[in-house]
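# A structural walkthrough
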Amino acid sequence: MANILVVDDELGIRDLLSEILNDEGHQVELAENAAQARAARGRSRPDLVLLDIWMPDTDGVTLLKEWSSSGLLSMPVIMMSGHATIDTAVEATKIGAIAFLEKPITLQKLLKAVEQGLLKSAGRKPLVTPAALLHAVDMTVEVAMTGLVMPVAVDLGPQATQSFLLEKPLRDARDEFEKAYFEFHLAKEGGSMTRVAEKTGLERTHLYRKLKQLGVDLTRGKRAA
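This structure is a prediction, so every number in the text was calculated from the model and none was measured.

A word on the pattern of salt bridges. It is possible for side chains bearing opposite charge to pair when their charged atoms get close. Per the stated rule, a full pass over the model turns up 10 salt bridges. For Glu 91, the salt bridge is made with Lys 65, and the minimal N-O distance between the two is 3.3 Å. Remark: Lys 65 occurs in helix α3 (residues 60-69) and Glu 91 occurs in helix α4 (residues 86-95); sequence separation between them is 26 residues. On the basis of relative accessibility, which here comes to 42%, the residue Lys 65 falls in the partly exposed class. When salt bridges that share partners are traced, they join Asp 8, Glu 10, Asp 52 and Lys 103 into one network.

Structure (structure tokens):
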């Protein structure tokens, strides 16, 4: 079990990440801004930090730089943002961030990044040099920063049309249908909990609990890595 600090000014994202990481067996502390993140870092040393870039008081890159210059960057930091640029990724990498997650964050990428982050030492060099990132103009920020080349082939997952046996108790038949339904939409939306929640009309935390209840495999991407 790891101690993970989640820093994000959006309540919904903090709640969702906390729900997922707690369910994975981790201890999670939440901060909604840089001031709270500083206080949390001062109280204890997190094993990993998930740090949003755009925050109202101090942005994530500035906080990362502050920790680095004061000798407090002793833990792996994964940056998160929905509006970052390649230049931002380059700067964060130079300072010491080990990975970048673009919002909306897919469950598979979150679990994979956390798993890899916990295996890294704080002083390990980034996978891609900043110079290489400068030429990655046609890549997404996430791919450029991690150095991973995304495969062209996509696992389409369950088929849109399936058959179900009706000679079984209603509860069992309903659960079987719902599991297939959610697996299909997770595969279709690339594992994005946000898009699946919008598609199905469920709040994200409720959706996550529903998937766990139905036994939907949420860690396929992690095991395949």
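Where helix α1 (residues 11-23) meets helix α5 (residues 107-119), the closest approach of the two axes is 12 Å, and the angle between their N-to-C directions is 60 degrees. When the axes of α1 and α5 are compared, the pair comes out oblique. In the packing of α1 onto α5, the handedness of the crossing is right-handed. For the pair α1 and α5, the contacting residues are Leu 17, Ile 20 and Leu 21 in the first and Leu 107, Leu 110, Leu 111 and Val 114 in the second. The residue makeup of the contact of α1 with α5, split by class, is 7 nonpolar, no polar and no charged.

Calculation notes
- Residues numbered from 1 in each chain as written.
- Predicted model: local features only at pLDDT ≥ 70, side-chain atom pairs only at ≥ 80, totals over all residues.
- Heavy atoms only, no water.
- Salt bridge = Lys/Arg side-chain N within 4 Å of Asp/Glu carboxyl O.
- Helix = DSSP H or I, 4+ residues; strand = E, 2+ residues; numbered from the N terminus.
- Buried < 20%, exposed > 50% of the residue type's maximum accessible area, 1.4 Å probe, protein only.
- Axes fitted to C-alpha atoms, helices over the stretch in contact; angles between N-to-C directions.
- Parallel < 35°, antiparallel > 145°, perpendicular 65-115°, else oblique.
- Left-handed = near helix turned anticlockwise from the far one by under 90°.
- Contact = heavy atoms within 4.5 Å.
- Nonpolar A, V, L, I, M, F, W, Y, C, P; charged D, E, K, R; others polar.

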